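Residues per chain, in single letters:
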Amino acid sequence: AISDRLEGKHVLVTAGPTHEPIDPVRYIANRSSGKQGYAIAAAAARLGARVTLVSGPVALECPPGVDRVFVETAIQMADAVKAALPADAAIMVAAVADWRTTEVSGEKMKKRGSAPPALRLTENPDILASVASSPKRPKLVVGFAAETEKVLDHAKDKRKRKGADWIVANDVSGDVMGGAVNAVHIISDAGVESLPEMAKEAVAANLLERIADVLAPVPES
Ligand code: C5P
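Only a predicted model underlies this, so the values are computations on that prediction, with no experimental measurement involved.

Parameters at a glance
- Residues numbered from 1 in each chain as written.
- Predicted model: local features only at pLDDT ≥ 70, side-chain atom pairs only at ≥ 80, totals over all residues.
- Heavy atoms only, no water.
- Helix = DSSP H or I, 4+ residues; strand = E, 2+ residues; numbered from the N terminus.
- Buried < 20%, exposed > 50% of the residue type's maximum accessible area, 1.4 Å probe, protein only.
- Contact = heavy atoms within 4.5 Å.
- Areas by Shrake-Rupley, 256 points an atom, 1.4 Å probe, with all protein chains shown as cover.
- Lys, Arg positive; Asp, Glu negative; His and termini not counted.
- Charge placed at Lys NZ, Arg CZ, Asp CG, Glu CD.
- UniProt positions renumbered as here; feature names shortened; annotations may be inferred.
- 1 Å grid on protein atoms, 1.4 Å probe; cavity = no way out; pocket = protein on both sides within 12 Å on 5 of 7 lines; lining within 4 Å.
- Salt bridge = Lys/Arg side-chain N within 4 Å of Asp/Glu carboxyl O.
- Core = buried A, V, L, I, M, F, W, Y, C linked by side-chain atoms within 4.5 Å.
- Near = heavy atom within 4 Å.
- Polar contact = N/O pair within 3.5 Å; in protein donor to acceptor, adjacent residues only side chain to side chain.
- Sits in = over half its atoms within 2 Å of the grid points.
- Nonpolar A, V, L, I, M, F, W, Y, C, P; charged D, E, K, R; others polar.

On to the overall build of the chain, then. Looking only at helices and strands, the chain features 5 helices and 14 strands. By principal-axis analysis of the C-alpha atoms, the chain measures approximately 75 × 35 × 35 Å. Across the 221 residues that make up the chain, the buried fraction comes to 45%. Relative to all contacts within the chain whose residues are 6 or more apart in sequence, the contacts with residues 24 or more apart total 63%. When the accessible surface of the chain is split by element, carbon and sulfur atoms take 51% of a total near 11,600 Å². Side chains of the chain give 27 positive and 28 negative charges; the mean places of these two sets differ by 5 Å.

According to UniProt, the "binding site: CTP" (unreviewed entry) feature falls on D98, K108, P125, D126, I127, L128, F144, K158 and K162. Taken along the chain, the residues just named run across 65 residues; in space they spread out, the farthest C-alpha pair reaching 37.4 Å. In the annotated set above, the residues contributing to the lining of the largest pocket are D98, P125, D126, I127, L128, F144, K158 and K162. Its place among the elements puts P125 in the loop between β8 (121–123) and α3 (127–132). Judged by relative accessible area, P125 falls into the partly exposed class, the value being 33%. Not counting residues within four places of it along the chain, the set of residues in contact with P125 comprises I75, A78 and R100. Relative to the helices and strands, K162 resides in helix α4 (residues 151–162).

Two side chains bearing opposite charge may form a pair once their charged atoms approach each other closely. Under the definition given, this model contains 8 salt bridges. Between E209 and R5 there is a salt bridge whose closest N-O contact spans 2.8 Å. Taken together, the positions of E209 in helix α5 (residues 200–215) and R5 in the segment before β1 (10–15) put the pair 204 residues apart, joining distant regions of the chain. In this structure E209 comes out as partly exposed when scored by relative accessible area, which is 38%. A salt bridge links R120 to E103; its shortest N-O distance comes to 3.3 Å. You can see R120 sitting in the loop between β7 (99–101) and β8 and its partner E103 sitting in the loop between β7 and β8, a full 17 residues away along the chain. One network of salt bridges, with partners in common, ties together R5, E209 and D213.

In this section: the nonpolar core. If you look at the biggest cluster of nonpolar residues, it comprises 36 residues, and the most contacted ones within it are V13, I40, V51, I91, L208 and I211. Sorting the residues of this core by element identifies β1, α1 (35–46), β4 (50–55), β6 (89–92), β9 (140–147), β10 (166–171), β12 (184–188) and α5 as the ones contributing at least two each. If sequence neighbours within four positions are ignored, V51 has contacts with V11, V13, A41, A44, A45, V66 and D67. Grouped together as the second largest cluster of nonpolar side chains are 25 residues, A78, A90, V151 and A169 included.

Moving on: the site of the ligand. Taken together, M92, V93, A94, V96, P125, D126, I127, L128, G143, F144, K158 and K162 make up the full set of residues adjacent to the ligand. P125 is positioned with one of its backbone polar atoms (N or O) 2.8 Å from a nitrogen atom of the ligand. Within the contact set of the ligand, an oxygen atom lies 2.8 Å away from a backbone nitrogen or oxygen of F144. Within the complex, 86% of the 450 Å² of free accessible area of the ligand lies under protein. Among the cavities detected, the one that contains the ligand is the largest pocket. Where the shell around the ligand is concerned, the elements lending two or more residues are α3, β9 and α4. In terms of residue class, the shell around the ligand is built from 8 nonpolar, 1 polar and 3 charged.

Take a look at the structure:
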């Protein structure tokens, strides 16, 4: 740790996509490299927090000092998040698939000789909303919102609907996905603060300073 500002605090982070199996070789997923979530977990560890990173399938190294729990599906992610509570802050960065297939085929589905199969889908649990309404609700619950239009309006709605304290909104109509930089807006009950475009690591460091200000305020002298 480069500082002990978050010593004794437990920070829970979700990152990456979830994979919802169709059959043994196919799945449904959202695009997500996991980079922003991993950078946030790393930044929390650098401030001395105990960090649990619940990660979907990504090819990233576990940051130093972080406890990683690998999951595949949204249901597994929801269970791992529940098992990791209590936490002082939850930062939900994962791009959870909104739907899973109602049935998973035990055998690889064949494409020859029949019409393309129709997938029946069921809604996945909203992990952010359940954490925010949990009896073990962390003091600070932060969600992310990747939007392609009306970024601030949608993010403000999302903050209310999901019961998050903050929503970190970004415009993903450009090439943020998988890229190294991000430009975010932090929406809280104090309003909107927009940060300039910066490296995902810098977004993470900035966000973690703000989180530390809430969890471990520096006494005014
Ligand atoms: O509704 P939408 O997917 O845009 O919301 C994004 C935010 O909600 C992110 O913080 C994401 O991690 C979280 N989320 C979740 N569980 C879901 C869907 C989204 O935790 N099933």
